[in-house]
Amino acid sequence: CFTLGCAVGATVSIAGHPILAIFAAMLAGILSGYITALLQTKLGVESILAGIIVNTGLYTINIFIMGKSILNLNKTTTVFTMVKDWLAGTPLENWSRFIVAIVFVGIVALLLAFFLHTRLGLSIRATGDNEEMVKASSINPNLTIIVGLCVANAMTALGGCLLGEYQKSCDINMGTGMVTIALASLIIGETLLGVIFGSCLYRVIVAIAMRFNLPASALKLVSALIVAIAIASPTLRQLVGFQKLKWKRKAQYGGKKEKAAAGTEKEEK
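Residues numbered from 1 in each chain as written. Predicted model: local features only at pLDDT ≥ 70, side-chain atom pairs only at ≥ 80, totals over all residues. Heavy atoms only, no water.

### Observations regarding the overall build of the protein
Counted only if it meets this: Helix numbering and strand numbering both begin at the N terminus, where a helix is a DSSP run of H or I of at least 4 residues and a strand a DSSP run of E of at least 2. Two things to know: the radius of gyration comes from C-alpha atoms, and the globule rule equals 2.2 Å times the number of residues to the power 0.38. Each residue's exposure class comes from its accessible area (1.4 Å probe, protein chains only) as a fraction of the maximum for that residue type: buried when under 20%, exposed when over 50%, partly exposed otherwise. We call two residues in contact when some of their heavy atoms are within 4.5 Å. Reported accessibility uses the Shrake-Rupley method at a 1.4 Å probe radius. Residues are deemed covered only where the shown protein chains occlude them. Only four residue types enter the charge count, namely Lys and Arg as positive and Asp and Glu as negative; His and the chain termini do not. One atom stands in for each charge, and that atom is NZ of Lys, CZ of Arg, CG of Asp or CD of Glu.
Within the protein one finds 11 helices and 2 strands. Its C-alpha atoms give the protein a radius of gyration of 26 Å, clearly above 18 Å, the size a compact globule of 269 residues would have. Based on the C-alpha atoms only, the size of the protein along its principal axes is roughly 100 × 55 × 35 Å. In the protein, which comprises 269 residues, the proportion classed as buried is 32%. Once local pairs closer than 6 in sequence are excluded, the contacts in the protein between residues at least 24 apart make up 66%. About 17,400 Å² of surface is accessible on the protein, with carbon and sulfur atoms providing 67% of the total. Distance from the positive charge centre (23 side chains) to the negative charge centre (13 side chains) of the protein: 4 Å.

### Section: the pattern of salt bridges
Counted only if it meets this: A carboxyl oxygen of Asp or Glu within 4 Å of a side-chain nitrogen of Lys or Arg is what we treat as a salt bridge.
Under the definition given, this model contains 1 salt bridge. Across the salt bridge formed by Glu132 and Lys135, the nearest N and O atoms sit 4.0 Å from each other. Here Glu132 pairs with Lys135, and both are found in helix α7 (residues 131-136), just 3 residues apart, close to one helical turn. By relative accessible area, Glu132 is classed as exposed at 54%. Taking the relative accessible area as the measure of exposure, Lys135 reaches 43% and is therefore partly exposed.

### Concerning a nonpolar patch on the surface
What counts is decided by this rule: Patch membership needs two things, relative accessible area over 30% and no salt bridge, and members are linked within 9 Å if like-charged or within 5 Å if nonpolar (Val, Leu, Ile, Met, Phe, Trp, Tyr).
The grouping of Leu201, Val204, Ile205, Ile208, Phe212 and Leu214 at the surface amounts to a nonpolar patch, some 520 Å² of accessible area in total. As for its position among the elements, Ile205 is in helix α10 (residues 195-210).

### Re α10
Where we set the bar: Working rule for helices: expected span equals 1.5 Å times residues minus one. Throughout, the arc means that of the directions going from the helix axis to the C-beta atoms.
For α10, built from 16 residues, the straight-helix expectation of 22 Å at 1.5 Å per residue is met to within 8% by its first-to-last C-alpha distance of 22 Å. Listing the buried residues of α10 in full gives Gly198, Tyr202, Val206 and Ala209. Buried residues of α10 fall within an arc of 75° about the axis and therefore sit on the same side.

### Here's the deal with the side chain of Thr144
To keep things clear, this is the line we draw: Whenever two N or O atoms come within 3.5 Å, that pair is a polar contact, provided that in protein one can donate a hydrogen and the other can accept it, and provided that, for residues adjacent in sequence, both atoms are side-chain atoms.
Here Thr144 lies in helix α8 (residues 141-167). On the accessibility criterion, Thr144 (4% relative accessible area) is buried. In this structure the side chain of Thr144 is engaged in a polar contact, spanning 2.8 Å, whose partner is the side chain of Thr127. If we skip the residues at most four places from it in the chain, Thr144 touches Ser123, Ile124, Thr127 and Ile139.

### Remarks on the packing of aromatic side chains
Two numbers describe a pair of aromatic rings. These are the distance of the centres and the angle of the planes. To keep things clear, this is the line we draw: Aromatic rings from Phe, Tyr and Trp, taking only the six-membered ring of Trp, are treated as a pair when their centres fall within 6.5 Å; an angle between ring planes under 30 degrees marks them as stacked, one over 60 as edge-to-face, and anything in between as tilted.
Evaluated as defined, the whole model comprises 2 aromatic pairs. Between the aromatic rings of Phe80 and Tyr166, the centroid separation amounts to 5.5 Å while the plane-to-plane angle is 75°, which identifies the pairing as edge-to-face. Note that Phe80 is positioned in helix α4 (residues 79-86) and Tyr166 in helix α8, a separation of 86 residues in sequence. Between Trp95 and Phe98 the ring centres are 5.9 Å apart and the planes differ by 75°, which places this aromatic pair in the edge-to-face class. Classification of Phe98 as partly exposed rests on a relative accessible area of 48%.

### Quick look at the packing of helix α1 (residues 2-14) against α8
What counts is decided by this rule: Structural elements are reduced to axes, namely lines fitted to C-alpha atoms, with helices fitted over the stretch in contact, and the angle between N-to-C directions of any two is expressed from 0 to 180 degrees. In these notes the angle categories are as follows: under 35 degrees is roughly parallel, over 145 is roughly antiparallel, 65 to 115 is roughly perpendicular, and the rest is oblique. With the far helix as reference, a near helix turned anticlockwise by less than a right angle produces a left-handed crossing, and one turned clockwise produces a right-handed crossing.
The interhelical angle for the contact between α1 and α8, taken along N-to-C directions, is 50°, at an axis separation of 7 Å. When the interaxial angle is binned, α1 and α8 end up oblique. Every pair of crossing elements has a handedness; the one defined by α1 and α8 is right-handed. For the pair formed by α1 and α8, the contact residues are Phe2, Gly5, Cys6, Gly9 and Ser13 on the first element and Thr156, Ala157, Gly159, Gly160, Cys161, Leu163, Gly164 and Glu165 on the second.

### Looking at the state of the cysteines
Our working definition: Criterion for a disulfide: a pair of cysteine sulfur atoms at a distance within 2.5 Å.
Per the stated rule, a full pass over the model turns up 0 disulfides. Looking at the unpaired Cys161, the closest cysteine sulfur is the one in Cys6, lying at 7.4 Å. A residue is classified by how much of its surface remains accessible, and Cys161, at 1% relative accessible area, is buried. The thiol of Cys170 is not disulfide-bonded; the next cysteine sulfur, from Cys6, is found 3.1 Å away.

### Notes on the side chain of Thr3
On the secondary structure map, Thr3 appears in helix α1. Ignoring sequence-local partners within four residues, the contact set of Thr3 consists of Asn62, Asp171, Ile172, Met174 and Gly175.

### Here we look at the packing of α1 against helix α3 (residues 47-66)
Operational definition: Only Asp, Glu, Lys and Arg are considered charged in this grouping, and only Ala, Val, Leu, Ile, Met, Phe, Trp, Tyr, Cys and Pro are considered nonpolar; every other residue, Gly among them, is considered polar.
Between α1 and α3, the least distance of the axes is 9 Å, while the angle of their chain directions is 10°. Put simply, α1 runs roughly parallel to α3. When α1 is examined against α3, the residues Thr3, Leu4, Ala7, Val8 and Thr11 are found in contact with a partner set consisting of Leu58, Ile61, Asn62, Ile65 and Met66. For the contact of α1 with α3, the residue count by class is 7 nonpolar, 3 polar and no charged.

Following this line, the structure appears as structure tokens:
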């Protein structure tokens, strides 16, 4: 879906509509999420398998949309170039791409935060926690799954569209490894400053790792290690805390035993 958003956004931008490309990409993401949800809720396909099926089919659809495996947007107007032109001659010109990214992230974060605190948003969150409880509360879990997947895929496609316009290219394989990045961002964000800052921190960690002159082919291994450490971090913290407690108690009891042994020795003397 990330590549789908980039493919649709790039195609519409090349046609001369960079702003419309954003909404077209989100609509494509919604359709992708809807198909995944239908497979899961109406046809009884397991959620992971439904995602794999749609993911496999989207590869062909993305090729069909793009017409080839790579699209070049170097001579195409994008939202980033539009903002740069608006800020031309001002001190903010060199910060134009950063400003665009921050604005989009801020808007999406606020809208999602508002949505997830509505009745429907809370129902979606509850479905993820305990579907049986949702059914007992007279809430249709199929509806919440459909809406949740549509919203999630719309955000994913939006990210793909913005990245395509940012780097001025669209590659059929650009979505490879995106699940790893998303997992790392979510897991790191749960324990730190949120998913947004978690994604930024993930990129910083990768950049630091690449500073050690690692080959580009090692990037996937670095990403896998980051995710593994992030997932295992709660267990690692428990192990560290347990070891500290063990050493502390050992020191306390060890000191008491030494004192007791010294007292026994005095009595014997």
